[in-house]
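# Chains, contacts and geometry: an overview
The primary structure of each chain is shown beneath.
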Amino acid sequence: MVNIAVVVPSWHYWVNPIKLQPLWELYYATLLREHDLDVNVDVVDLRGRQKHGQVDLPERDLYLYWVMKSADAPEVYKIVKDTKRKYPGSIHIAGGNHVDRMTEECAGIFDTSIVGSGEELLLQALVDFRAHRLQSVYKSIRTFHFASYSFPQRDFLPDSSIVNYGHFAQHGAIPGTSGYFSRGCSFKCNFCVYNNPGKFELRRPDQITAELRYLKQRYGVRGVNLRDEVCIPVNRKEAIAQLEAIAAENIVWRGQTIPIGSEDIIMLARQSGCLELAVGLESVESDNVLKLSNKPSASVDSNRRFIELLKKHGIQVKVCLVFGLPGETNRVVEKTIQFLEEVKPDYVAVSGLDPVPGSVFHKNPRLFGIKSIDGDLSRHAHLMFRFGDEEDIGLPFEYEPETPWGPSLSREEIAENIRKVQRYLREHGMTY
């Protein structure tokens, strides 16, 4: 019997890390348990349990970390170091976006790094561990499709860590949880690292049905917060199939999407139980900002029309904005407030730009006039630090005064613009 702990770090960048569920950790724990009867798998959840100092993990043969955000890396690195000191024979395996993007660095921390789609690579690593031939890096040119594997079982954690009322607090007392019906993304926004794999891999409708029924029957869930990069498939046939599967289960849901979609698909989304969509506009100052960020449908006017379409069909709108993008000027606050007063979204989230490791902005900083990027990985949480004045505003970088796209704003000017808009949003009841 091989004893394996899947470790969830503290998620220090979230105000309330318990609200969300560690779906990837649960997913890989499920995979290991289903594919190997001779393993004992548990999930060690550090959220809410510690912020600083040494972490005492229970003794296991293998420890698995799925490091999605670079901001988790310093904490995970320290956990590995402390655990190896306590249990010298322990083996530590890691995968996820951070490992994909910074494989060389991770090779010096973990015994084994999983690069790319991790399912079959992780199972092979387990075979090799038993045979005493574990490799330092497992990487495959093949993509192991998301629909080839089971949805994450949630029984590794207590019920209170799976279902809560926070996901739909703005819509009433709805017991909710989160889920993924797809992974990857076909778009290539310059600030993002979650287009890995570089195409959408969707669950089949029957898998969506099975997961929703499991969540309803086992946990009493009535609402699901979809955390897919784009929650409504861009392919029309796939969108209809997914929305019909959701509609049949009589739940409500919300998620994030891009400002692309036909009216009949939006109508079907509402009929399927969609209460709210978070729309990644990123900027409403100018089309030039959107172009420099390589946003799909890069037009402020088309974004405005999409919001109007959602509101027409009774879907509440959360506009997601990023301040500090290349091309931004000192008129960004004025133009943002003007846009919001015109379209009247229900909610707005404002982030500070993070040129996160692995993104185009991080790989080619000079091309975008970026002078320096903070080397402290704990500060790279991908558009976080946006929930209140007591938090760090983020912005782990600064521009040259003059850039290829024109004069820039200083870090403090960008931070103050974020504060101004956040104050406006609170005063107008547009945050949650």
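All residue numbers refer to positions counted from 1 along the written sequence of the respective chain. At least 70 in pLDDT is required for a residue's local features to be given in this predicted model, at least 80 for side-chain atom pairs to be given and counted, and no such filter applies to totals for whole chains, interfaces and linings, which use all residues. Excluded from the side-chain calculation are hydrogens and water; included are all heavy atoms of the structure.

### Comments concerning the sheet that holds strand β2 (residues 39-45)
- Taken together, 6 strands build an open sheet; the order of strands is β2-β1-β3-β4-β5-β6 and the sheet is parallel. The sheet is open, and its two edges are formed by β2 and β6 (137-139), each paired on a single side. Across this sheet, the average inter-strand angle for adjacent strands is 20 degrees, counted without regard to direction.
- Against the sheet, helix α1 (residues 23-35) engages β1 (2-8), β2 and β3 (62-66), with an angle of about 170 degrees to β2. DSSP calls a pair of strands paired once it identifies at least 2 bridges connecting them. Here a helix means four or more residues in a row that DSSP labels H or I, a strand means two or more in a row labelled E, and each is numbered from the N terminus. The convention used is that axes are lines fitted to C-alpha atoms, helices contributing only their stretch in contact, and that angles between N-to-C directions extend from 0 to 180 degrees. Any two residues whose heavy atoms approach within 4.5 Å are treated as being in contact.

### Details of the pairing of strand β4 (residues 91-95)
- Note on exposure labels: buried denotes an accessible area under 20% of the residue type's maximum, exposed denotes more than 50%, and partly exposed covers the range between, all computed with a 1.4 Å probe on protein chains only. Counting buried positions along β4 gives 5 out of 5 residues, so the element sits mostly inside the fold.
- Residues of β4 alternate between two faces, with Ile91, Ile93 and Gly95 on one and His92 and Ala94 on the opposite face, all of them buried.
- When the strands point away from the viewer and the path from the first strand over the helix to the second turns clockwise, the crossover is right-handed. With helix α2 (residues 73-86) bridging β3 and the parallel β4, this β-α-β connection has right-handed handedness.
- The pairing of β4 with strand β5 (residues 112-115) spans 2 bridges and is parallel. Pairing of Ile93 across the sheet is with Thr112, part of β5.

### Thoughts on the sheet that holds strand β13 (residues 316-323)
- Pairing in this open sheet of 6 strands is parallel, and the strands run β7-β10-β11-β12-β13-β14 from one edge to the other. Pairing within the sheet leaves two strands with one partner each, and these edge strands are β7 (176-179) and β14 (347-352). For this sheet, the mean inter-axis angle between neighbouring strands, taken without regard to orientation, is 20 degrees.
- Where strand β11 (residues 252-257) and strand β12 (residues 274-282) come together, 5 bridges link them in parallel fashion. Of the residues in β12, the one forming a bridge with Trp253 is Cys274.
- Packing of helix α13 (residues 411-427) onto the sheet brings it into contact with β13 and β14, and relative to β14 it is tilted by some 165 degrees.

### Points about the environment of Lys311
- One can find Lys311 in helix α10 (residues 300-312).
- For Lys311, a relative accessible area of 34% gives the class partly exposed.
- With 34 residues separating them in the primary sequence, Lys311 and Pro345 have C-alpha atoms 8.3 Å apart.
- Those residues within four positions of Lys311 in sequence are excluded, and the remaining contacts are Val317, Val343 and Lys344.
- From its side chain, Lys311 meets the backbone oxygen of Lys344 in a polar contact 2.8 Å long. Each polar contact in these results corresponds to two N or O atoms within 3.5 Å; when the atoms are within protein, one needs to be able to donate a hydrogen and the other to accept it, and residues that are neighboring in sequence are counted only if both atoms are side-chain atoms.

### Regarding the packing of aromatic side chains
- Geometry of aromatic contacts follows a simple scheme: Phe, Tyr and Trp rings, the Trp one being its six-membered ring, pair when their centres are within 6.5 Å, and the pair is stacked under 30 degrees between planes, edge-to-face over 60, tilted otherwise. Throughout the structure, instances matching the rule amount to 15 aromatic pairs.
- Arranged with centres 6.1 Å apart and planes meeting at 70 degrees, the rings of Phe187 and Phe200 form a pair that is edge-to-face. Here Phe200 lies in the loop between β8 (182-183) and β9 (201-202) and Phe187 lies in the loop between β8 and β9, a separation of 13 residues in the sequence.
- Relative to Phe368, the ring of Phe361 lies with its centre 4.7 Å away and its plane at 80 degrees, an arrangement referred to as edge-to-face.
- Take Phe368: its relative accessible area is 6%, and that puts it in the buried class.
- Chaining the aromatic ring pairs together yields one cluster made of Trp24, Tyr27, Tyr28, Trp66, Phe146 and Tyr180.
- Sitting over the face of the ring of Tyr219, Arg218 holds its NZ or CZ atom 4.3 Å from the ring centroid. The rule for a charge over a ring is simple: NZ of Lys or CZ of Arg within 6 Å of the ring centre, and within 35 degrees of the ring normal.

### Considering the side chain of Asn417
- On the secondary structure map, Asn417 appears in helix α13.
- The exposure class of Asn417 is buried, given its relative accessible area of 10%.

### Some details on the nonpolar core
- Core analysis: the largest hydrophobic core is formed by 113 residues, its most contacted members being Trp253, Leu277 and Phe323.
- Looking at this core, the element that brings in the most residues is α1, giving 8 residues.
- We call a set of buried residues a nonpolar core when its members are Ala, Val, Leu, Ile, Met, Phe, Trp, Tyr or Cys and they connect through side-chain atoms within 4.5 Å of each other. Among the nonpolar cores identified, the runner-up in size contains 20 residues, and Val55, Tyr65, Val76 and Tyr87 belong to it.

### Quick notes on the pattern of salt bridges
- Here, a salt bridge means any side-chain nitrogen of Lys or Arg that lies within 4 Å of a carboxyl oxygen of Asp or Glu. Counting across every chain of the model gives 28 salt bridges.
- Where Glu342 meets Arg304, a salt bridge forms, and the shortest distance between an N and an O atom there is 3.1 Å. On the criterion of sequence distance, the pair formed by Glu342 in helix α11 (residues 332-343) and Arg304 in helix α10 is long-range, its members being 38 residues apart.
- Note on Glu342: relative accessible area 44%, which makes it partly exposed.
- Its salt-bridge partner being Arg331, residue Glu334 comes within 2.9 Å of it at the nearest N-O pair.
- The class of Glu334 is partly exposed, set by a relative accessible area of 44%.

### Some words on the environment of Glu244
- As for its placement among the helices and strands, Glu244 is situated in helix α7 (residues 236-247).
- On the basis of relative accessible area, Glu244 is assigned to the partly exposed category, the value being 49%.
- Put simply, Glu244 and Phe168 are 76 residues apart on the chain and 22 Å apart in space, counted from C-alpha to C-alpha.

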